[in-house]
Amino acid sequence: MTDAVDAVETPTPRRKPKPEVTKIDGRKMKPSTLMMGHGYDPALSEGSLKAPIFLTSTFAFESAAAGKRHFEGITGLREGGAEGLVYSRFNGPNQEILEDRLAIWDGAEDSLCFSSGMTAICVMMMAYCSAGDVIVHSGPLYAASEGFVAKILAKFGVKYIDFPAGATREQFDDVLAKAKAMAEENGGKVAMIYLESPGNPTNALVDIEMVRDARDAALPADCPIAIDNTFLGPLWQRPLEHGADIVCYSLTKYVGGHSDLVAGSIAGDKKWMNPVRMIRNTMGGIADPNTAWMLLRSLETVELRMQRAGENAAKVCEFLKKHPKVDGLGYLGMIEDERQQDIYDRHCLGAGSTFSLFLKGGEEECFRFLDALKVAKLAVSLGGTETLASHPASMTHLSVPHARRQQLGISDALVRISIGIEDPEDLIADFDQALDAV
């Protein structure tokens, strides 16, 4: 098997970027503008306006001497490092352009793309956790994330302790103290604080700034705070500005935005990215060139799509909150809890377009509602151009024990809805007639 570099110990080099235009007369350009060309030089691809899809497994050297010089730089035999591409398990042109553009949205120094959101999360956790270590995580989490921590990492001696999303500083300090004691007992460390905010599917928010302050007071600086920002990113929340070190995405959702691809990413300072990059180099898991190219297409319209979906969600929720068969909404534009509202005001730039609908009744009523929908599609996932609806308790979170679901607020009466970019009046009419079937 080709193994071009010592991928376990050496991060693979990137192409030398051409000077990028990111300012005009001292004015910093916005991400939506930079999505049109940042990281790509048409002169390198026969003048093609858009980046071609680079379907290749390996990259040719100009000469044998150039190949030797490249590997001398990688292995440290020659000072100055190395530039250029070697092998597509490590990186490729489409993926590097994508990573450059993803980093812009979160104001990150670096970004890594993966074949799915769960690949990104799993590889990241593996990069930072060893036997005896403890992960501290918020709840609720996406069921697959919680399952990876509780079932897969547990096989390798990694333990965890969780806390409710709305925890106060005092409550979180207690959790960190328990985590440190657990780690010391097992000869490890608190390896990572992992957050999901808003939480899936309840939209519960975590106070990122509080978590940062508590971490700084109780733990070494090498314990990263990572956060899954899929529900609000990249437009409506910028966690790195509030104390997170690593931001994670299922790019399948809002960034991809058309329900036609699966991918994921993480972003942050290079010091946090490099350990993850080395594991990805060894294991694989990088997004394929075609998917990366499709994401470059999607990034050009992500702001427009998310704005439209957010506007639609506000109108739909205004209708739903007044309906007699609706028991409540887990929508960030209509928060009733004072602490959650405070977190929202400090951290969020918009309410998003994914929310929880609580119907009067239970599973039977939810199923009647879902089966009667005509415009919205009955499917898992979120963030696409079309409106989707699902029943988490019997679908995405069925693997979570019943008592745990109840503790997290994932009841049988909860329907998760992701609003798309259809006409809002048509969506309201669809929900109205579906509620008639309840």
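Fair warning: this is a prediction, and the values are worked out from it, not measured in the lab.

Caption draft 1: Here's a closer look at helix 12 (residues 363–372). For helix 12, the full list of buried residues reads Cys366, Phe369, Leu370 and Ala372. Buried residues in helix 12 make contact with strand 11 (354–359), strand 12 (377–378), strand 13 (388–390), strand 14 (414–418) and helix 14 (424–436).

Caption draft 2: The arrangement of the pattern of salt bridges in detail. Taken as a whole and assessed by the stated rule, the structure comprises 21 salt bridges. One salt bridge in this structure joins Glu318 and Lys322, with 3.7 Å as the shortest N-O distance. Between Arg368 and Glu364 there is a salt bridge, and its shortest N-O distance comes to 2.5 Å. Within this pair, Arg368 and its partner Glu364 are both found in helix 12, separated by four residues, close to a single helical turn. Using a relative accessible area of 48% as the deciding quantity, one classes Glu364 as partly exposed. Connected through shared salt-bridge partners, Asp207, Glu209, Arg339, Asp342 and Arg346 make up one network.

Caption draft 3: Molecular detail of the sheet that holds strand 7 (residues 225–228). Strand order in the open sheet formed by seven strands is 3-9-8-7-6-4-5, and the pairing between neighbours is mixed. Of all strands in the sheet, those bounded by a partner on one side alone are strand 3 (110–114) and strand 5 (159–164). Here the average twist between neighbouring strands, direction ignored, is 20°. Relative to strand 8 (residues 246–250), strand 7 runs parallel, the two sharing three bridges. Residue pairing for strand 8: Ala226 is matched across the bridge by Ile246. Relative to the sheet, helix 5 (residues 143–152) contacts strand 4 (134–139), strand 5 and strand 6 (190–196), its axis offset from that of strand 4 by approximately 155°.

Caption draft 4: Structural context of helix 5. By the burial criterion, the buried members of helix 5 are Ala143, Ser145, Glu146, Phe148 and Val149. Check the buried side of helix 5 and you find it contacts helix 4 (117–128), strand 4, strand 5, strand 6 and helix 13 (402–408).

Caption draft 5: Representation of the sheet that holds strand 10 (residues 326–330) in the model. Across the sheet, five strands lie side by side as 10-11-14-13-12; this open sheet has mixed pairing. Unpaired on one side and paired on the other, strand 10 and strand 12 mark the two borders of the sheet. Sheet analysis places strand 11 next to strand 14, joined by five bridges and oriented antiparallel. Each residue of the ladder has a partner; that of Thr354, found in strand 14, is Ser418. The sheet contacts of helix 12 involve strand 11, strand 12, strand 13 and strand 14, and relative to strand 14 the element is tilted by about 30°.

Caption draft 6: Representation of the packing of helix 6 (residues 169–185) against helix 7 (residues 208–218). Where helix 6 meets helix 7, the axes come as close as 10 Å, and the angle between the chain directions of the two elements is 40°. The angle between helix 6 and helix 7 places the two elements in the oblique class. Relative to helix 7, helix 6 is oriented so that their crossing is right-handed. Between helix 6 and helix 7, the residues in contact are Arg169, Phe172, Asp173, Leu176 and Lys180 and Met210, Val211, Asp213, Ala214, Arg215, Ala217 and Ala218, respectively. Looking at the contact of helix 6 with helix 7 residue by residue, the class counts come to seven nonpolar, no polar and five charged.

Caption draft 7: Geometry of the environment of Val175. Inspection of the secondary structure puts Val175 in helix 6. Spatially, the C-alpha atom of Val175 lies 9.8 Å from that of His137, the residues being 38 residues apart in sequence. Sequence-distant contacts of Val175, defined by excluding residues within four places in its chain, comprise Val136, Ile161, Asp162 and Phe163.

Caption draft 8: Looking closely at a nonpolar patch on the surface. On the surface, a cluster of nonpolar side chains totalling about 290 Å² of accessible area is made up of Ile53, Leu55 and Trp293. Take Ile53: it is sitting in the loop between helix 1 (31–34) and helix 2 (64–75).

Caption draft 9: The arrangement of the side chain of Ser418 in detail. Here Ser418 is to be found in strand 14. Owing to a relative accessible area of 1%, Ser418 belongs among the buried residues under this scheme. Reaching out from Ser418, the side chain makes a polar contact with the backbone nitrogen of Gly383 at a distance of 2.9 Å. Once residues lying within four places of it in the same chain are set aside, the contact partners of Ser418 are Ser353, Thr354, Leu382, Gly383, Glu386, Thr387 and Leu388.

Caption draft 10: View of the pairing of strand 6. Of all seven residues that make up strand 6, seven are buried, and the element is covered over most of its length. Note: strand 4 against strand 6, four bridges, orientation parallel. The residue of strand 6 that forms the bridge with His137 is Tyr194. Pairing of strand 6 with strand 7, which is carried by four bridges, proceeds in the parallel orientation.

Caption draft 11: Seen up close, the packing of aromatic side chains. Summed over all chains, the structure comprises seven aromatic pairs. A centroid spacing of 6.0 Å and a plane angle of 20° characterise the contact between Phe369 and Phe431, whose relative ring orientation is stacked. Of this pair, Phe369 sits in helix 12 while Phe431 sits in helix 14; the two residues are 62 residues apart in sequence, bridging distant segments of the chain. Judged on exposure class, the residue Phe369 and its partner Phe431 are both buried. Lying over the aromatic face of Phe114, Arg280 brings its terminal NZ or CZ to 5.6 Å of the ring centre.

Scoring rules and cut-offs
- Residues numbered from 1 in each chain as written.
- Predicted model: local features only at pLDDT ≥ 70, side-chain atom pairs only at ≥ 80, totals over all residues.
- Heavy atoms only, no water.
- Buried < 20%, exposed > 50% of the residue type's maximum accessible area, 1.4 Å probe, protein only.
- Helix = DSSP H or I, 4+ residues; strand = E, 2+ residues; numbered from the N terminus.
- Contact = heavy atoms within 4.5 Å.
- Salt bridge = Lys/Arg side-chain N within 4 Å of Asp/Glu carboxyl O.
- Pairing = 2+ DSSP bridges.
- Axes fitted to C-alpha atoms, helices over the stretch in contact; angles between N-to-C directions.
- Parallel < 35°, antiparallel > 145°, perpendicular 65-115°, else oblique.
- Left-handed = near helix turned anticlockwise from the far one by under 90°.
- Nonpolar A, V, L, I, M, F, W, Y, C, P; charged D, E, K, R; others polar.
- Patch = residues over 30% accessible without salt bridge, like charges linked within 9 Å, V, L, I, M, F, W, Y side chains within 5 Å.
- Areas by Shrake-Rupley, 256 points an atom, 1.4 Å probe, with all protein chains shown as cover.
- Polar contact = N/O pair within 3.5 Å; in protein donor to acceptor, adjacent residues only side chain to side chain.
- Phe/Tyr/Trp six-rings, centres within 6.5 Å; stacked < 30°, edge-to-face > 60°.
- Lys NZ or Arg CZ within 6 Å of the ring centre and 35° of its normal.

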